[in-house]
Amino acid sequence: ELGGNFLVFMVLACLIASVGIFIGSQILIVGAMVVGPEFGPLAGFCVAVVERRRNVAVRSLTALAVGFPIGITAAMLFTLLAKATGMLASDFSGSMHPLTQFISKPDDFSFIVACLAGSAGMLSLTSAKSGALIGVLISVTTIPAAANIGVAVAIGDWSEWRGAMAQLAVNLTGIVIAGVATLSIQRRVYERRRTRHQRDA
């Protein structure tokens, strides 16, 4: 849900990702993915859909609707500051760093990975496998895409902006679809198992 810690982590994650974009560092991009707290509200929304809990859905969507714009704005302001102070070249473009161009170039695999990550994330939460959740966070580019939206706005690179927006949309959609599907299947399996145990008793 929306809170101070959630917003702070969103801002920090987007700032780390921004630096990763500036210098073309995949290590920083991965670090930003781990710091990003966005999977919590996404998981909450998936639960809300399966359990038909409107209050949880509203709470989760509110966190996402506020958190992402704040993170994007932080990345934009940080980029403007970096340009004004000379830390970032005035002619900077995302195309200067091919190792991080995947952030703004979604493809079929982007959606497939998002779906796999959404399913794995739900399984990790419902089975208390926290180690697997770290891998899930590293495999999706929601935070780097959000940061790249802010960076692209600051430098006026609208091609990068469109690509990053598409990447963010693809990742969020894939995670939610897979998360809802995974929870629905788990619920059916649980109900059948419970019915069988009751019958045996």
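This text goes with the structure placed above it.
Residues numbered from 1 in each chain as written. Predicted model: local features only at pLDDT ≥ 70, side-chain atom pairs only at ≥ 80, totals over all residues. Heavy atoms only, no water.

1. Let's talk about the overall build of the protein
- For the protein, the helix and strand inventory stands at eight helices and zero strands.
- For the protein, the sequential pattern of α-helices and β-strands runs α-α-α-α-α-α-α-α.
- Pairs at least 24 apart in sequence give 79% of the contacts found in the protein among residues at least 6 apart.
- Accessible surface, the protein as shown: approximately 10,300 Å² in total, 64% of it carbon and sulfur.
- Side chains of the protein carry 15 positive and 10 negative charges; the gap between the two charge centres is 13 Å. (Helix = DSSP H or I, 4+ residues; strand = E, 2+ residues; numbered from the N terminus. Contact = heavy atoms within 4.5 Å. Areas by Shrake-Rupley, 256 points an atom, 1.4 Å probe, with all protein chains shown as cover. Lys, Arg positive; Asp, Glu negative; His and termini not counted. Charge placed at Lys NZ, Arg CZ, Asp CG, Glu CD.)

2. A look at the nonpolar core
- Judged by nonpolar contacts, the single largest core of 45 residues is most densely connected at Ile21 and Ile143.
- Mapped by element, the contributors of at least two residues to this core are helix 1 (4-23), helix 2 (26-35), helix 3 (39-51), helix 4 (54-84), helix 5 (108-126), helix 7 (142-155) and helix 8 (158-200).
- Take this core: its biggest share by element is eight residues, from helix 4. (Core = buried A, V, L, I, M, F, W, Y, C linked by side-chain atoms within 4.5 Å. Buried < 20%, exposed > 50% of the residue type's maximum accessible area, 1.4 Å probe, protein only.)

3. A closer look at the packing of helix 7 against helix 8
- In the contact formed by helix 7 and helix 8, the axes pass within 8 Å of each other and the chain directions differ by 155°. Compared by their axis directions, helix 7 and helix 8 come out roughly antiparallel. Considering how the two elements wind past one another, helix 7 and helix 8 form a crossing that is left-handed. Taking contact as the criterion, the partners of Thr142, Ala145, Asn148, Ile149, Ala152 and Val153 in helix 7 are, on helix 8, Trp158, Glu160, Trp161, Ala164, Met165, Gln167, Leu168, Asn171, Leu172 and Ile175. (Axes fitted to C-alpha atoms, helices over the stretch in contact; angles between N-to-C directions. Parallel < 35°, antiparallel > 145°, perpendicular 65-115°, else oblique. Left-handed = near helix turned anticlockwise from the far one by under 90°.)

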